[in-house]
Amino acid sequence: MSKKERATVAVTGVTGALGGRVATRLADHKVPQLLIGRRPELLPELPGGQRRGPASYADAGDMRKALSGASTLVLVSGHRTGHRLEEHATVVQAAIAEGVDRILYVSLVGAGPTATYLNARDQWMTEQYLAGTEIRHTVLRAGWYTSTPAALADEEFVVRGPASTGRAAFVTHEDIANVITAVALDGDDRSEHDGATLDITGPDALTLDEAITRIAAATGRPYRFEPETLDEAFARRWRQGITGEQIETWISWYQAIERGEISTVTDVVPRLTGSPATPISDAAWWPEPKTARGVR
């Protein structure tokens, strides 16, 4: 049996939409896995999978126990807590201490120190932290989810925000998971992806109006987009009782689109999976309106 077949992959975020898909695909390939979560009773039962936890990103001891025996770690970014870099660093150091060979970190397209989207700044800092360690790693920058506009809609299927002409290369959870799986399966001592940053995008850069029009056609629901000014966007959210930090994060998501910071289309999906990136109209699933959780 080759090392690639024997290697155990630890996956975080398995109870979420992305980590769960990665774990399922790895199970389909008969890869032994450690499924890590804060509440192990909520983790799925998968062939070849061991449920590990409770383990939070901030707890070094529990994370070391959860990672024991892993060769590769798929680190799905945690939620914005104000201490996300510190939490990610704790996981990275736990992985190094347990002898993990490499880390596949799921970041965000557009990550950078001055990114308009606030969450993308946190992701960039983790990327820099990883680059300063000696562990093998690959940064997988996930594009913005195809499902997010639908989740941001209100009960009347209207999406409102301060973006009108900017474009985004929305990508499905399935395509992102397929790319992560492809890199995880390349488990030899040296991989062409070591040290690489891979931007995972959809096949088209669309305005929000174009994207939501396609979502409406795909779902048969009357989704529509209404652009707002920054003042209108702030005032409406404030009246809804949203916190200032949440408003700032939410508005920065739209503004990153408006400024073209996530409009680049790459060939990562077809190059690594052998299949073309999925158009927004062919997405496999759609969330209900009003289910967005702080836009990652």
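In what follows, the accompanying structure is described. (Residues numbered from 1 in each chain as written. Predicted model: local features only at pLDDT ≥ 70, side-chain atom pairs only at ≥ 80, totals over all residues. Heavy atoms only, no water.)

### Things to note about the pattern of salt bridges
Turning to step 1, where the next piece is worked out: Going through the model one piece at a time under the given rule, you end up with 16 salt bridges.
Turning to step 2, where the next piece is worked out: Notably, a salt bridge pairs E127 with R141, separated by 2.7 Å at the nearest N-O pair. In this pair, E127 is assigned in helix 5 (residues 118–131) and R141 in strand 6 (residues 136–142), connecting sequence segments 14 residues apart. Each member of the pair E127 and R141 is classed as buried.
Turning to step 3, where the next piece is worked out: Residue E226 pairs with R224 through a salt bridge whose shortest N-O separation is 3.3 Å. (Salt bridge = Lys/Arg side-chain N within 4 Å of Asp/Glu carboxyl O. Helix = DSSP H or I, 4+ residues; strand = E, 2+ residues; numbered from the N terminus. Buried < 20%, exposed > 50% of the residue type's maximum accessible area, 1.4 Å probe, protein only.)

### Some remarks on the nonpolar core
Turning to step 1, where the next piece is worked out: Counting 33 residues, the largest nonpolar core has V74, L140, I176, I180 and I200 as its most contacted members.
Turning to step 2, where the next piece is worked out: Counting residues per element, the ones that place at least two in this core are strand 1 (9–11), helix 2 (17–28), strand 4 (72–76), strand 5 (102–108), strand 6, helix 7 (173–185), strand 8 (197–200) and helix 11 (268–273).
Turning to step 3, where the next piece is worked out: Residue contributions to this core peak at 6 residues, all from helix 7.
Turning to step 4, where the next piece is worked out: Ignoring sequence-local partners within four residues, the contact set of I200 consists of V109, L140, R141, A142, G143, V171, D175, I176, V179, V268 and V269.
Turning to step 5, where the next piece is worked out: In terms of nonpolar packing, the next biggest core, distinct from the first, is built from 32 residues, L108, A163, A168 and I212 among them. (Core = buried A, V, L, I, M, F, W, Y, C linked by side-chain atoms within 4.5 Å. Contact = heavy atoms within 4.5 Å.)

### A look at the side chain of R136
Turning to step 1, where the next piece is worked out: Along the chain, R136 falls in strand 6.
Turning to step 2, where the next piece is worked out: Separated by 2.9 Å, the side chains of R136 and D194 make a polar contact.
Turning to step 3, where the next piece is worked out: Once you skip the residues sitting within four places of it in the chain, R136 turns out to touch D101, R102, I103, D188, D189, R190, S191 and D194. (Polar contact = N/O pair within 3.5 Å; in protein donor to acceptor, adjacent residues only side chain to side chain.)

### Side note on the side chain of E87
Turning to step 1, where the next piece is worked out: Following the sequence through the fold, E87 ends up in helix 4 (residues 84–97).
Turning to step 2, where the next piece is worked out: In this structure E87 is buried but unpaired, with R84 as the nearest side chain of opposite charge at 7.2 Å. (Lys, Arg positive; Asp, Glu negative; His and termini not counted.)

### Re helix 7
Turning to step 1, where the next piece is worked out: Spanning 13 residues, helix 7 covers 18 Å between terminal C-alpha atoms, matching the ideal 18 Å at 1.5 Å per step.
Turning to step 2, where the next piece is worked out: For helix 7, the buried fraction is high: 10 of the 13 residues fall into the buried class.
Turning to step 3, where the next piece is worked out: Those residues of helix 7 lying buried are H173, E174, D175, I176, A177, V179, I180, T181, V183 and A184.
Turning to step 4, where the next piece is worked out: Against the buried residues of helix 7 lie helix 2, strand 4, strand 5, strand 6, strand 8 and helix 11. (Expected span 1.5 Å × (residues − 1).)

### Things to note about the sheet that holds strand 6
Turning to step 1, where the next piece is worked out: Strand order across the open sheet formed by 7 strands is 3-2-1-4-5-6-8, with parallel pairing between neighbours. The sheet is open, and its two edges are formed by strand 3 (49–52) and strand 8, each paired on a single side. Direction aside, neighbouring strands of the sheet carry axes that sit 20° apart on average.
Turning to step 2, where the next piece is worked out: Relative to strand 6, strand 5 runs parallel, the two sharing 7 bridges. Residue pairing for strand 6: S107 is matched across the bridge by R141.
Turning to step 3, where the next piece is worked out: Its contacts with the sheet put helix 7 on strand 4, strand 5, strand 6 and strand 8, and the angle it makes with strand 5 is roughly 160°. (Pairing = 2+ DSSP bridges. Axes fitted to C-alpha atoms, helices over the stretch in contact; angles between N-to-C directions.)

### Focus: the environment of Q123
Turning to step 1, where the next piece is worked out: Within the secondary structure, Q123 is located in helix 5.
Turning to step 2, where the next piece is worked out: In the structure, Q123 is positioned 101 residues away from R224 in sequence and 30 Å away in space, judged by C-alpha atoms.
Turning to step 3, where the next piece is worked out: Ignoring sequence-local partners within four residues, the contact set of Q123 consists of S77, R84, H88, Y105, V106, S107, L108 and A111.
Turning to step 4, where the next piece is worked out: Of the polar contacts made by the side chain of Q123, one reaches the side chain of S77; its length is 3.1 Å.

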